[in-house]
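# Residue-level structure breakdown
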Amino acid sequence: MTYFLQQLLNAMQLGSIYALIALGYTMVYGILTMINFAHGDLFMVGAFLCFIAATFLKLPFVPTLLLSMAGVALLGVAIERVAYKPLRQAPRVSAVITALGVGLFLENFTLVFSPYPQHVPALIANRTWTIGGVSISSLQIIIILLSIALMIILDLVVRRTMVGMAMRAISWDKSIVPLMGVPLDLIISITFAIGTSLGAAAGTMYSLAFPVIDPYMGILVGWKAFISAVVGGIGNIRGAMIGGFILGGVEIMVAAFMPSTYRDFVAFGLLLILLIFRPYGILGKPRPQKV
Amino acid sequence: MNTAPLLSIRDLTVSYGNIKAVQGISFDVYEGEIVTLIGANGAGKSSTLRAISGLAPYGGTITYRGVDLRKTAADKIVALGIAQVPEGRGIFGNLTVQENLKLATWGRKDRPEVERDYERVFGIFPRLKERRNQLGGTLSGGEQQMLAVARALMSRGKVMLLDEPSMGLSPVLVREIFHVLTEINQAGTTVLLVEQNANMALRVASRGYVLETGTLTLSGTGAELLGNPRVKEAYLGG
Ligand SMILES: Nc1ncnc2c1ncn2[C@@H]1O[C@H](COP(=O)(O)OP(=O)(O)OP(=O)(O)O)[C@@H](O)[C@H]1O
Ligand SMILES: [Mg+2]
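A short tour of the structure in this document, coming up. (Residues numbered from 1 in each chain as written. Chains lettered and ligands numbered in written order. Predicted model: local features only at pLDDT ≥ 70, side-chain atom pairs only at ≥ 80, totals over all residues. Heavy atoms only, no water.)

Helix and strand counts for chain B stand at ten helices and ten strands. Over its C-alpha atoms chain B spans a radius of gyration of 17 Å, differing by no more than 12% from the 18 Å that the globule rule assigns to 238 residues. Across the 238 residues in chain B, those meeting the buried criterion constitute 54%. At a minimum sequence separation of 6, the contacts of chain B that also span at least 24 residues come to 66%. For chain B, the exposed area adds up to about 10,000 Å²; of that, 51% sits on carbon and sulfur atoms. (Helix = DSSP H or I, 4+ residues; strand = E, 2+ residues; numbered from the N terminus. Rg over C-alpha atoms; globule rule 2.2 N^0.38 Å. Buried < 20%, exposed > 50% of the residue type's maximum accessible area, 1.4 Å probe, protein only. Contact = heavy atoms within 4.5 Å. Areas by Shrake-Rupley, 256 points an atom, 1.4 Å probe, with all protein chains shown as cover.)

Printed below as a string of structure tokens:
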């Protein structure tokens, strides 16, 4: 039982990171019906900005986190303006291929500056508490609580604010949105800023939990977060959160109770089965078809 | 009548690739008028309205209160006072009635006035008030049309462009919508009404134009057009 609880805690930690990244995929899909395949690499850039802020600027945790989030948000907005916006009327596959290209660019750009893996300094004083045989570290607490706080804020923004309302309207039919007096480009930029900065927050926390980082670290994590978004129902914000925790949970539990080489195989197999029964994901609905 | 038109369209062209949907039309809308643009399917009515709202690229000039709108973005055109009720209503089905209305107030800074406008709009459409917390997608077609008009009112349009508000509505509801339109007009909103239901449109209109395959072929007062043999034959069922 304690072993199970211990693993549950680990699952929460990994799941909250997947969930934060999955939100970026799902938000962009929600408004542009496009998969931003560069998102995993923006997560990686977030980790590297954390490394730079902590190592060279010697910043403590909170400023490091904010700098990473702000830097990646700017990058995300710039990428949308330069690479995706000209393709808004083009077939979606063009935008997706462009996104893959942007991702490769980010990987190789980082590789130029960092040909070797880097070690991220510990920004959070490591303390561990043991409660009923389950040990929990200060880092785990921060990752889980911070992720949940960010998700609650996002949920409130989307449900309660005018900007959130505009985002939801865009996801329904963006051709009508300008007729409401709402500046479409501004809302799309805000969406990219929020989605990518959540990815950067995940990158920062991930690089504190697993402190060796390299330019390719975003690929596998990005795929897993993307799958989380699909499992939750792509385009659905709460779905992305749920999907992230499910994937984190399945992965940790498979690794805990089966040979660890089975991890990805069993985890993805289970998710495939889930999608057979719920093809639009857990909270997803078929998109309304415009006539 | 005021000498300077509120909205002035000169040599307007709208093309989609090789298709010339609007082929150089000119007309004016004066303050306080209801002007109707009637025409068959594919005549270019929606394209004209989309151009005025800044949603479609166009040739020619569109001026509003003497200001050329060419460089004005669609959302800023709304802020200037040109609201559009688009073809097919354009209700956000995933937003509640209240949210649909609220979104349309995006560009407004006069918050206390906004509160009063909700009351005004709910006074005109009591059914929307009852359904304010219901999702837009769950409204009936007629209710959605009311919501679309209500939204245009919430954005404080001085000119309201309406694209076939009678489409898909029962005769009773059509009369209700047209009744509301004349009321809104009397309260000071100028209306540019696109319709296939020429009979209703010409009855409420001060002036009308007939659009045929991208060109204006006839114009006159509502009564003149209603009595015109060609209009009768082509649009009023003989
Ligand atoms: N996005 C588009 N791409 C290509 N052609 C278009 C597009 N929109 C309109 N058209 C064409 O332009 C012409 C005019 O269309 P428009 O929608 O303005 O007509 P309409 O008068 O509003 O017709 P309806 O009464 O059926 O709504 C039509 O031939 C139509 O096929
Ligand atoms: Mg039309």
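On to the interface of chain A and chain B. Size of an interface: often given as the accessible area lost when the parts come together. At the interface, 20 residues of chain A touch 20 residues of chain B. Here chain A meets chain B over a buried area of about 2,000 Å², counting both sides, of which 74% is carbon and sulfur. Among the residues chain A hides against chain B, the three largest losses belong to Met162, Leu179 and Met180 of chain A. Together they make up 36% of the total. If you look at where chain A meets chain B, you find one salt bridge. A salt bridge links Arg168 of chain A to Glu99 of chain B; its shortest N-O distance comes to 3.0 Å. Counting across the interface, chain A meets chain B through three residue pairs in polar contact (both at pLDDT 80 or more). With eight residues, the top contributor of residues to the side of chain A that touches chain B is helix α6 (residues 162-172) of chain A. Its residues placed into classes, the side of chain A that touches chain B shows 14 nonpolar, three polar and three charged. (Buried area = accessible area lost by both parts, 1.4 Å probe. Salt bridge = Lys/Arg side-chain N within 4 Å of Asp/Glu carboxyl O. Polar contact = N/O pair within 3.5 Å; in protein donor to acceptor, adjacent residues only side chain to side chain. Nonpolar A, V, L, I, M, F, W, Y, C, P; charged D, E, K, R; others polar.)

In this section: the coordination of the magnesium ion (ligand 2). Between any two of four tetrahedral donors, the ideal angle at the metal is 109.5 degrees; between two of six octahedral donors, it is 90 or 180 degrees. Residues and elements named next belong to chain B. The protein atoms donating to the magnesium ion (ligand 2) are Ser46 (OG) and Glu87 (OE), with metal-donor distances spanning 1.9 to 2.5 Å. Highlighted residues: Ser46 in helix α1 (residues 45-52) and Glu87 in the loop between β6 (82-85) and α3 (97-103), separated in sequence by 41 residues. Relative accessible area serves as the criterion here: at 16%, Ser46 is assigned to the buried category. (Donors = N, O, S within 2.8 Å, 3.2 Å for Na, K, Ca; no water.)

Counted under the stated rule, the structure contains one cavity of 30 Å³ or more. In this structure, the largest cavity encloses a volume near 50 Å³. Lining the largest cavity we find Leu179 and Met180 of chain A together with Ala83, Gln84, Val85, Pro86, Ala104, Ala148, Arg151, Ala152 and Ser155 of chain B. Of the residues belonging to the lining of the largest cavity, the class tally is eight nonpolar, two polar and one charged. (1 Å grid on protein atoms, 1.4 Å probe; cavity = no way out; pocket = protein on both sides within 12 Å on 5 of 7 lines; lining within 4 Å. Points joined across faces, edges and corners; volume = space filled by probe spheres on them.)

All names here are of chain B. Taken together, 14 residues form the shell around ligand 1, and within it Asn41, Lys45, Ser46, Ser47 and Glu87 come nearest. In the environment of ligand 1, an oxygen atom lies 2.7 Å from a nitrogen or oxygen atom belonging to the side chain of Asn41. Contacts to ligand 1 include Gly42, whose backbone N or O atom sits 2.8 Å from an oxygen atom. Broken down by secondary-structure element, the contributors of at least two residues to the shell around ligand 1 are β2 (19-29) and α1. No other element matches α1, which puts three residues into the shell around ligand 1. Its residues assigned to classes, the shell around ligand 1 shows five nonpolar, six polar and three charged. (Near = heavy atom within 4 Å.)

Moving on: the sheet that holds strand β4 (residues 59-64) of chain B. All names here are of chain B. If you trace the four strands from one edge of the open sheet to the other, you get β2-β1-β4-β5, paired in antiparallel fashion. Looking at which strands have only one partner, the edges of the open sheet turn out to be β2 and β5 (67-68). As paired elements, strand β1 (residues 7-16) and β4 share five bridges and run antiparallel to each other. Bridge pairing in β4 links Thr13 to Gly59. (Pairing = 2+ DSSP bridges.)

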